[in-house]
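Each chain, written out:
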Amino acid sequence: MNALIPKTIASLLLLAGAAGAVCAHAQGAAPVASSGGPVTTELPAPPLRLSEQPRIRSAVIAMVGYARGSYTEADTLIAQQVLEGMRSRHDITRTVWPDGRKVIASVNGGDHGEERAAMLLDAEGRLVALGLVNGHCNVPPTGDKPKVCKPAPQTVLSIFQPAGAKQADAEPLVVWGKTLPAFLAAMADSDDPAKAADAQKIASVEYIAGQPDVPGWRVEQLPAGFPASLRPLLVQTAEVNSTASAGKIVLPKGLAGKPMRTAYEQSQRNEPRLPDAEVTLRSYADLGTLVDAYRELAKGASVEEGGREIVFNGTDGAGRYSVRLRDAKETGVFITVSSWKRK
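Residues numbered from 1 in each chain as written. Predicted model: local features only at pLDDT ≥ 70, side-chain atom pairs only at ≥ 80, totals over all residues. Heavy atoms only, no water.

Caption draft 1: Here's a closer look at the overall build of the chain. Counting its regular elements, the chain contains eight helices and 17 strands. Sorting the 343 residues of the chain into buried and exposed places 48% on the buried side. Counted over contacts in the chain with a minimum sequence separation of 6, partners at least 24 positions apart contribute 58%. Carbon and sulfur atoms provide 53% of the accessible area of the chain, an area that totals close to 16400 Å². (Helix = DSSP H or I, 4+ residues; strand = E, 2+ residues; numbered from the N terminus. Buried < 20%, exposed > 50% of the residue type's maximum accessible area, 1.4 Å probe, protein only. Contact = heavy atoms within 4.5 Å. Areas by Shrake-Rupley, 256 points an atom, 1.4 Å probe, with all protein chains shown as cover.)

What follows is the structure, encoded as structure tokens:
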């Protein structure tokens, strides 16, 4: 099912009537601005980055779910990588095709657009496909670098579509991917052959079916001592961010064995004793949607609201529990489910 970006968001993205057409270097692609062809304009910086806008994030999740892959980062949520590829507020472009389709794109920022992402919308504003220019990054064997990616000009354009969609439906994203941002275009057009040879090129295009229904976490990721009765409180539309048990962190592995609470964290929480087990999830759903979900999942629990944090406190057969929702804006909503076993 195609994800629909509501009119309020579509209207925001379609601003910039006064913006001029963008001239950029296109690698064997159709002209970016020509009579009867697609026309690209620069959009003014919106109040929120594309990656921060809840409805855009929801549309991205509806397309790719909580599946993981190695594109701009190693073994990371695909949705996160796509959203980070459009996080610059000042490099947003809109390309309108004669049939009404639109490509809304931005760049990661800080890398001159080497990593960038785009949304392809149909004439009605439905999300048809996502594009991500990336280096198929992965973890280096030596561990001395955070990631190893294919260098330019071996860049890959990854296109995510609903299962069963035709590759030809995403052709506007191929044109977008091969049209370089200004800095990279200047490299490609350089009189210096060596510099031009090093400029980014789309070496290959791959088409990937989105997995919107893939679970965001697995039972084996849960820490020892976490009650099975509390598993329903762990929504599947989220990934495991961290876990702890018996006072120590279990995940992420780099922090394993460290205390589950810093002195500052302990001072910020009203906890007479540490939880016996705890799981923190991260979700790209908006806070209001998650609060509504937990009002159903944690029926009978008391609710404390304070700013960007909402806490549900309740009991079940295993003992006492709490669910803490913290809205971290661009990086998502963190959901911490803590368990205190009955003594």
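There's plenty left to go through after this.
Caption draft 2: Region of the structure containing unusual backbone geometry. Ala-152 connects to Pro-153 through a cis peptide bond whose omega is 10°. Here Pro-153 is to be found in the loop between strand S8 (126-134) and strand S9 (155-161). For the bond running from Leu-251 to Pro-252, omega is 0°, close enough to zero to count as cis. By secondary structure assignment, the location of Pro-252 is in the loop between strand S12 (248-251) and helix H7 (263-268). The phi torsion at Asp-75 lies on the positive side, around 40°, for a residue other than glycine.

Caption draft 3: Inspection of the sheet that holds strand S17 (residues 333-341) at higher detail. Within the open sheet, the seven strands sit side by side as S12-S11-S13-S17-S16-S15-S14. Their pairing is antiparallel. Strands with a single pairing partner mark the edges of an open sheet, and in this sheet they are S12 and strand S14 (302-306). Pairwise comparison of adjacent strand axes, ignoring direction, gives a mean angle of 20° for this sheet. Bridge analysis of strand S15 (residues 309-316) against strand S16 (residues 319-327) gives eight bridges, and the strand direction is antiparallel. (Pairing = 2+ DSSP bridges. Axes fitted to C-alpha atoms, helices over the stretch in contact; angles between N-to-C directions.)

Caption draft 4: Seen up close, the state of the cysteines. In this structure the tally under the stated criterion is one disulfide. Shown here is the disulfide that connects Cys-137 with Cys-149, its sulfur atoms set 2.0 Å apart. With the S-S bond torsion at 110°, the cross-link from Cys-137 to Cys-149 turns out right-handed. Placement of Cys-137 in the loop between S8 and S9 and of Cys-149 in the loop between S8 and S9 is noted, with a sequence separation of twelve residues between them. On the basis of relative accessible area, Cys-137 is assigned to the buried category, the value being 0%. Among the residues examined, Cys-149 registers a relative accessible area of 29% and is labelled partly exposed. (Disulfide = S-S within 2.5 Å.)

Caption draft 5: Representation of the packing of aromatic side chains in the model. Scanning the model with the defined rule gives two aromatic pairs in all. Geometrically, the ring pair formed by Tyr-71 and Phe-160 is edge-to-face, given 5.4 Å between the ring centres and 80° between the ring planes. In this pair, Tyr-71 is assigned in the loop between strand S3 (68-69) and strand S4 (76-77) and Phe-160 in strand S9, connecting sequence segments 89 residues apart. Judged on exposure class, the residue Tyr-71 and its partner Phe-160 are both buried. Geometrically, the ring pair formed by Tyr-294 and Phe-312 is tilted, given 6.3 Å between the ring centres and 40° between the ring planes. Within this pair, whereas Tyr-294 is found in helix H8 (residues 287-297), its partner Phe-312 is found in strand S15, the two being separated by 18 residues in sequence. With respect to burial, Tyr-294 and Phe-312 carry one shared label: buried. The ring of Trp-97 carries the charged tip of Arg-101 above its face, separated from the ring centre by 5.6 Å. (Phe/Tyr/Trp six-rings, centres within 6.5 Å; stacked < 30°, edge-to-face > 60°. Lys NZ or Arg CZ within 6 Å of the ring centre and 35° of its normal.)

Caption draft 6: Spatial organisation of the pattern of salt bridges. The full count for this structure, using the stated rule, is 19 salt bridges. One salt bridge connects Lys-147 with Glu-73, and the closest N-O pair in it is separated by 3.2 Å. Here Glu-73 lies in the loop between S3 and S4 and Lys-147 lies in the loop between S8 and S9, a separation of 74 residues in the sequence. Owing to a relative accessible area of 24%, Lys-147 belongs among the partly exposed residues under this scheme. Of the charged contacts, one joins Glu-278 and Arg-261 as a salt bridge, the two residues approaching to 2.6 Å between their closest N and O atoms. Of this pair, Glu-278 sits in strand S13 (residues 277-283) while Arg-261 sits in the loop between S12 and H7; the two residues are 17 residues apart in sequence, bridging distant segments of the chain. When its relative accessible area of 5% is taken as the criterion, Arg-261 is described as buried. (Salt bridge = Lys/Arg side-chain N within 4 Å of Asp/Glu carboxyl O.)

Caption draft 7: Highlighting the environment of Met-86. Mapped onto the secondary structure, Met-86 falls in the loop between helix H3 (78-84) and strand S5 (93-96). Along the primary structure Met-86 and Gly-109 are separated by 23 residues, whereas in three dimensions their C-alpha atoms are 8.1 Å apart. When neighbours within four sequence positions are excluded, Met-86 is seen to be in contact with Leu-50, Ser-51, Ile-56, Ser-106, Val-107, Ala-117, Ala-118 and Met-119.

Caption draft 8: Summary view of the environment of Ala-105. Mapped onto the elements, Ala-105 comes out in strand S6 (residues 102-107). What makes Ala-105 buried here is its relative accessible area of 2%. Between the alpha carbons of Ala-105 and Glu-42 there is a distance of 9.8 Å; along the sequence they are 63 residues apart. Those residues within four positions of Ala-105 in sequence are excluded, and the remaining contacts are Leu-50, Asp-91, Ile-92, Thr-93, Ala-117, Ala-118 and Trp-176.

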